[in-house]
Amino acid sequence: MQAINKKLRNHNTVGGNCYPSTVVFINHHVFMHRKTVLLILFVFSVSLLPAQSNLITNIPSRKTIDLNGRWQYIVDMYETGFYDYRYKERQPADNDAYWNPDTTLNKSARKEYGYNDKYTLRVPGDWNSQDPKFLYYEGTVWYKRSFDFEKPKTPAKLFLYFGAVNYKADVYLNGKKLGSHKGGFTPFNFEIPDSVIKAKNNFLVVKVDNKRYADEIPTLNTDWWNYGGITRDVKLVELPAIAAIQDYFIQLDAANAQSSAIKGWVKLDNATAGEKITIEIPELRVKKILTATGAITPVAFPLPAFQRWSTDNPVRYTVIVSTSADRVEEKIGFRTIRTNEKQILLNGQPVFLRGISIHEEIPQEARRAYSQQDALQLLGWAKGLGCNMVRLAHYPHDETMTRLADSLGILVWSEIPVYWTIDFTSKAVLQKAKEQLDDMITRDHNRASIIVWSVGNETPVSTARTGFMKTLIDEARAKDPTRLVSAALEVNYHSAENLRSIDDPLGEYVDLVAFNQYLGWYGGTPLSCRTANWTTKYKKPLFISETGAEGLGGYHADSLTMWSEEFQEWYYKEQVAMLKRMPDNFAGISPWILADFRSPRRNHPVYQEGWNNKGLIDQQGNRKKAFYILRNYYAEMEKTHH
Ligand code: GCB
């Protein structure tokens, strides 16, 4: 299975089918100017580095067929569809394997499984919230749906695209395995061979397994519910057979804060030498025609006068990229994001991040969020709190969130689930983390809202861990030199005088020194905030990526009574008073958390019952008292830090 997986991953990368045309192109130049060739080779090899992913981006602008809806399913705790009774992996040739087309109508065949309309699940959607029997389920579920397909008249390549499947997906079409993918929060696509797809009754099966393992990302232990299923959109995506635009990076050059030049690249699939790429920004009367330099073509041109994207004025321009055979467009905002020793600078201007952390969950329905409407609810709540920033914890959220953040002018911290006790000594685990990081960046690298790529959360300091995290930081920078890189760190030291310092060695490598603190919840009382002082040896902006306390919605008592809304309110009051005394490199905060969320670790029989209740909004969607404390602080900060 792994061999297939590896092959598929390589298949559409630059080492695969894009490469030959490049070689032809370079050879062609060898006869012309040696210097040009060397230059091209250099540019080419540099630009090759960041492009590991085979992802097709900007799906909303593609020719697609929606495969969402109701899928039939089989729950398979023992993975009987995958292993025989000797626990050997079944092969597609096995007649009774679950992924084979359900055509055995032969009455004499003994078959102990079947897809049936009696058992259906909504896609996209987690399974846990769709039927009470799934509430705590972690394991395998087989999903199946049929579809018809009219073959396009012009030659095309067809892909099956998944927004996300948690955690492992094995995908079969008409009895043929298309591939497998691990990672619950990032998109992936498999090419469908022409010989496999049919006009009628295509039989599509996805085996989804969300069991947790020590050597996966996240690992066995987290503080959120491990929702299983095909949690995001499924689509058929059609790309032209030649000169398809697979991906592109069209961003302001990060060289200086007031930059007004575009610097990026366009990645083509199967382009021939001399292919023309056109980039248009009609509102700015920009039209650039480039000649493809192999799979990846660098893009660089100055922009005429334009408005910069910002939180007050989230202006976006329609950008159209086209080739002889393909055309995609989307709205892109242009802005710079940088830091100096003390501040975060958006378009060169200091910005204080009035943030909130968010899990991808709709509390009132105890389910994963996935739709535009869900994103509107969550980001609408954040706006109601007075936020200009959200930390999308602890994994990449659905693309609707980052696209909506672009249009609302909300800054975003986006993170991979390198959380707590990942196996930092394993190269294989590092590779998995890199793939998730690459795919997160690839999907969203044109989003103006995203200002921080976070490589993890509360990872325990050790030499192996710091090496692991540094590799991820380097990778993020190589893939995207325009954004900040950070990670939520822990505070490991405080003196007798209540001086707390962030001295994690990773601080040296991040752009933003971010840390989580729960002063007055985990240890001490909120009174400790009165004497606490914060410092870091790094000359960088300081960001509090978490702080919070539980308060059960609707439970009222005096402020000293833990778990009450009043306690949580008091906690926030003391925190806010402390924030007002932070050192001058304090650049923002994203408290924990916007809304209550399900967590298997939270088992107090009265105050938790399987929920982490640190939300400022409760399980029913009501604001708690603490919501207003933070909102007032943010209103003040908005006035004074503008
Ligand atoms: C943390 C974690 C977050 C937890 C939170 C808590 O530090 O980063 O995932 O949910 O604390 O509630 O304890």
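Residues numbered from 1 in each chain as written. Predicted model: local features only at pLDDT ≥ 70, side-chain atom pairs only at ≥ 80, totals over all residues. Heavy atoms only, no water.

Participant: So what exactly am I meant to see when it comes to the overall build of the protein here?
Facilitator: Counting its secondary structure elements, the protein contains 9 helices and 35 strands. Each of the 642 residues in the protein was classed as buried or not, and the buried ones make up 60%. Sequence-distant contacts in the protein: of pairs separated by 6 or more residues, those separated by 24 or more amount to 72%. Accessible area of the protein: about 25800 Å², with a carbon and sulfur share of 53%. (Helix = DSSP H or I, 4+ residues; strand = E, 2+ residues; numbered from the N terminus. Buried < 20%, exposed > 50% of the residue type's maximum accessible area, 1.4 Å probe, protein only. Contact = heavy atoms within 4.5 Å. Areas by Shrake-Rupley, 256 points an atom, 1.4 Å probe, with all protein chains shown as cover.)

Participant: Would you take a moment to explain the site of the ligand for this structure?
Facilitator: What surrounds the ligand is a group of 14 residues, the closest being D223, Y419, E458, Y522 and K614. Take Y419: an N or O atom from its side chain is 2.6 Å from an oxygen atom of the ligand. Contacts to the ligand include N612, whose side-chain N or O atom sits 2.8 Å from an oxygen atom. Its residues placed into classes, the shell around the ligand shows 5 nonpolar, 4 polar and 5 charged. (Near = heavy atom within 4 Å. Polar contact = N/O pair within 3.5 Å; in protein donor to acceptor, adjacent residues only side chain to side chain. Nonpolar A, V, L, I, M, F, W, Y, C, P; charged D, E, K, R; others polar.)

Participant: Even after reading the chapter, I still don't get the packing of aromatic side chains, so can you show me in this structure?
Facilitator: Pairs of aromatic rings are described using the distance from one ring centre to the other and the angle between the two planes. Evaluated as defined, the whole model comprises 40 aromatic pairs. Taking 6.2 Å as the distance between ring centres and 20° as the angle between the ring planes, the aromatic pair formed by Y317 and F334 counts as stacked. Residue Y317 is located in strand 16 (residues 317-322), and its partner F334 is located in the loop between strand 17 (327-332) and strand 18 (337-339); the two are separated by 17 residues in the primary sequence. Judged by relative accessible area, which is 6%, Y317 ranks as buried. Judged by centre distance (5.2 Å) and plane angle (90°), the rings of W521 and W563 are edge-to-face. Of the two residues, W521 is situated in the loop between strand 30 (513-516) and strand 31 (533-536) and W563 in the loop between strand 32 (542-546) and helix 8 (565-579); the sequence distance between them amounts to 42 residues. Of note, K207 hangs over the ring of F82, and the distance from its end group to the ring centre comes to 4.4 Å. (Phe/Tyr/Trp six-rings, centres within 6.5 Å; stacked < 30°, edge-to-face > 60°. Lys NZ or Arg CZ within 6 Å of the ring centre and 35° of its normal.)

Participant: Help me understand the sheet that holds strand 30, please; the structure alone is not making it clear to me.
Facilitator: Remark on secondary structure: sheet strands pair via backbone hydrogen bonds, oriented parallel or antiparallel. The strand order around the closed barrel built from 8 strands is 21-24-25-26-27-30-32-33, with neighbouring strands paired in parallel fashion. Here the average twist between neighbouring strands, direction ignored, is 30°. Two strands pair when backbone bridges link them, and strand 27 (residues 484-490) and strand 30 are joined in this way by 3 bridges, in the parallel orientation. Bridge pairing in strand 30 links E490 to N516. Of the strands in this sheet, strand 25 (411-415) and strand 26 (450-457) touch helix 6 (residues 427-444), which is tilted by about 165° from strand 26. Contacts from helix 7 (residues 463-479) reach strand 26 and strand 27, with the element oriented near 155° to strand 27. (Pairing = 2+ DSSP bridges. Axes fitted to C-alpha atoms, helices over the stretch in contact; angles between N-to-C directions.)

Participant: Looking at this structure, how should I read the nonpolar core?
Facilitator: The nonpolar side chains of a soluble globular protein tend to be buried with one another. Within the largest apolar cluster, 88 residues are counted, with the highest numbers of intra-cluster contacts made by I356, V418, F468, L472 and Y633. Not counting residues up to four positions away in its chain, the partners in contact with V418 are I217, F424, A433, V455, G456, N457, T459, F468, M469 and L472. Counting 31 residues, the second largest nonpolar core, distinct from the first, contains V123, Y137, F147 and I197. (Core = buried A, V, L, I, M, F, W, Y, C linked by side-chain atoms within 4.5 Å.)

Participant: So what exactly am I meant to see when it comes to the packing of helix 4 (residues 372-384) against helix 5 (residues 399-408) here?
Facilitator: Any two packed helices are characterised by the angle at which their axes cross and by the distance between the axes. Taken N-terminus to C-terminus, the directions of helix 4 and helix 5 make an angle of 50°; their axes are 9 Å apart at the nearest point. On the basis of their axis angle, the class for helix 4 and helix 5 is oblique. Here helix 4 runs over helix 5; the crossing is right-handed. Of helix 5, the residues touching helix 4 (which contributes Q372, A375, L376, L378, L379 and K383) are T400, M401, L404, A405 and L408. (Parallel < 35°, antiparallel > 145°, perpendicular 65-115°, else oblique. Left-handed = near helix turned anticlockwise from the far one by under 90°.)

Participant: What exactly am I supposed to notice about the packing of helix 8 against helix 9 (residues 625-640) here?
Facilitator: For the pair helix 8 and helix 9, the least separation of the axes is 7 Å and the interaxial angle reads 15°. By the angle class used here, helix 8 and helix 9 are roughly parallel. Between helix 8 and helix 9 the crossing geometry is right-handed. Here helix 8 contributes E565, E566, Q568, E569, Y572, K573, V576 and L579 to the contact with helix 9, which in turn contributes K625, A626, I629, L630 and Y633.

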